[in-house]
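Analysis of the macromolecular model
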Amino acid sequence: MSPVSSFLWTYAVGVKVLLSQLLSRSFSLPAGNHENQGELSVSRIVKETGNEKVEFMYLELASMQSIRQFVQHFKAKNLLLHVLVNNAAVMLVPQRNTADGFEEHFGVNYLGHFMLTHLLLDTLKQSGSHDLNSRIVTVSSATHYIGELNLNDLQSSHNYSPHGAYAQSKLALVLFSYQLQQRLAAEGSHVTSNVVDPGVVNTDLYKHTSWLFKLCKWLTSWLLFKTSTQGASTVIYAAVSPDLEGAGGSYYANGQKVKSADISYDEDLQRKLWAQSCNLVGNPERHQCAS
């Protein structure tokens, strides 16, 4: 199993999101790259909701091949897709690359979601309607406020900093989500795209922080960190709330619409990142990757 698996939120924030989705949707497919945790999540969802139409599907966002295989298997089921939550992340990992040679923060946190979303867009569009839009909810972080996007070094190959690489990946997600919403709206699609900041949540995402940070986290988590349930609340709001029906292109934190970093509204930067991303993943859908 890839080292990425230990950082995914399949059982923490992710399972809470899925539980709530199931209250409003008839079928949900939790995806992750840790099969044991995935099956545990399925069991918990079935137990707490009584809905047995739940299935785990393997997905490794650090591998473009795995993403393509996941989408192929999902589409073979001929299911509708009303909500896509882009929720996986790695944080502060040492400098290393994914199976496709991408810097891990950029490859997993951003490019993997970029690719997955593109390959599922046709299904999302077919599933949405005028009265019930499909929704894409991308989980970013307040860290994006200090992020800098270096279009000449998206892989952070020069002067690598785990903090800088993580912040850049979270900024890229916001830029992508806004640009995606513009394109969806321009073509009249019944799909919306929004970004969520879940806050500082007490999960295993902090595995690669310093021992001093881990000690402080252990001592103060009850006061300063959100539980997985609390962290999932805004994600759930963006995914299923009737208040946001047909509304996209926004950033939400603590259940409220808030302003993201000034640079995230730079449409020229959004388009340039979009174009470079398409080139990096090999143009998943040419018409969708058109600049």
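Residues numbered from 1 in each chain as written. Predicted model: local features only at pLDDT ≥ 70, side-chain atom pairs only at ≥ 80, totals over all residues. Heavy atoms only, no water.

Side note on the packing of helix 4 (residues 104-127) against helix 5 (residues 162-186)
The geometry of a pair of packed helices is captured by two quantities: the angle between their axes and the separation between those axes. Where helix 4 contacts helix 5, the two axes come as close as 8 Å, and the packing angle between them is 20°. When the axes of helix 4 and helix 5 are compared, the pair comes out roughly parallel. Classified by chirality, the crossing of helix 5 by helix 4 is right-handed. Contacts from His105, Phe106, Asn109, Tyr110, His113, Phe114, Thr117, His118, Leu121 and Lys125 of helix 4 reach helix 5 at Pro162, Ala165, Tyr166, Gln168, Ser169, Lys170, Ala172, Leu173, Phe176, Leu180 and Leu184. (Axes fitted to C-alpha atoms, helices over the stretch in contact; angles between N-to-C directions. Helix = DSSP H or I, 4+ residues; strand = E, 2+ residues; numbered from the N terminus. Parallel < 35°, antiparallel > 145°, perpendicular 65-115°, else oblique. Left-handed = near helix turned anticlockwise from the far one by under 90°. Contact = heavy atoms within 4.5 Å.)

Here's the deal with the nonpolar core
In terms of nonpolar packing, the biggest core is built from 44 residues, with Ile67, Tyr110, Leu116, Leu120, Leu124, Leu149 and Leu273 touching the most fellow members. Secondary-structure elements contributing two or more residues to this core are helix 3 (64-76), helix 4, helix 5 and helix 8 (267-281). Broken down by element, this core gets its largest block of residues, 11 residues, from helix 4. For leucine 273, the residues in contact, after removing those within four places along its chain, are Phe106, Tyr110, Leu149, Leu151, Leu154, Ala172 and Leu175. Counting residues in hydrophobic clusters, the runner-up holds 12 residues, among them Val235, Ala238, Val240 and Tyr252. (Core = buried A, V, L, I, M, F, W, Y, C linked by side-chain atoms within 4.5 Å. Buried < 20%, exposed > 50% of the residue type's maximum accessible area, 1.4 Å probe, protein only.)

Examining helix 4
Compared with the 34 Å implied by 1.5 Å per residue over 24 residues, the 32 Å span of helix 4 between its first and last C-alpha is a close match. The largest bend in helix 4 amounts to roughly 50° and is located at leucine 121. Among the 24 residues in helix 4, 21 count as buried, and that is most of the element. (Expected span 1.5 Å × (residues − 1). Bend = angle between axes of the 7 residues up to and from the residue.)

Here we look at a nonpolar patch on the surface
On the surface, Tyr145, Ile146 and Val258 cluster together to form a nonpolar patch covering roughly 290 Å² of accessible area. If you trace the backbone, valine 258 turns up in strand 7 (residues 256-258). Overall, valine 258 belongs to the partly exposed group, its relative accessible area being 31%. (Patch = residues over 30% accessible without salt bridge, like charges linked within 9 Å, V, L, I, M, F, W, Y side chains within 5 Å. Areas by Shrake-Rupley, 256 points an atom, 1.4 Å probe, with all protein chains shown as cover. Salt bridge = Lys/Arg side-chain N within 4 Å of Asp/Glu carboxyl O.)

Re the side chain of glutamine 181
With respect to the element layout, glutamine 181 can be found in helix 5. Excluding residues within four positions of it along the chain, glutamine 181 makes contact with Val191, Thr192, Ser193, Gly248 and Gly249.

Things to note about the confidence of the model for the protein chain
The pLDDT averaged across the protein chain works out to 80; a share of 73% of its residues lies at or above 70. The low-confidence segment residues 1-15 (pLDDT under 50) makes 51 contacts with residues lying over four places distant or belonging to another chain. (pLDDT = per-residue confidence, 0-100.)

Considerations on the packing of aromatic side chains
What the rule picks out here adds up to 10 aromatic pairs. On the numbers, 5.3 Å between centres and 20° between planes, the contact of tyrosine 178 with tyrosine 265 is stacked. Taken as a pair, tyrosine 178 in helix 5 and tyrosine 265 in the loop between strand 7 and helix 8 lie far apart in primary sequence, 87 residues in all. On the accessibility criterion, tyrosine 265 (38% relative accessible area) is partly exposed. An aromatic cluster of three or more residues is present, and its members are Phe106, Tyr110, Phe114, Phe176 and Trp274. The ring of tryptophan 274 has arginine 183 lying over it, and the distance from NZ or CZ to the ring centre is 4.1 Å. (Phe/Tyr/Trp six-rings, centres within 6.5 Å; stacked < 30°, edge-to-face > 60°. Lys NZ or Arg CZ within 6 Å of the ring centre and 35° of its normal.)

What about the pattern of salt bridges?
If the charged atoms of two oppositely charged side chains come close together, the side chains can form a pair. The full count for this structure, using the stated rule, is 8 salt bridges. The partner of aspartate 122 in a salt bridge is lysine 75, with the nearest N and O atoms 3.0 Å apart. Here aspartate 122 is found in helix 4, whereas its partner lysine 75 is found in helix 3, with 47 residues between them in sequence. Using a relative accessible area of 29% as the deciding quantity, one classes aspartate 122 as partly exposed. Given the relative accessible area of 28%, lysine 75 is considered partly exposed. Glutamate 104 is paired through a salt bridge with arginine 96; the nearest N and O atoms lie 2.9 Å apart.

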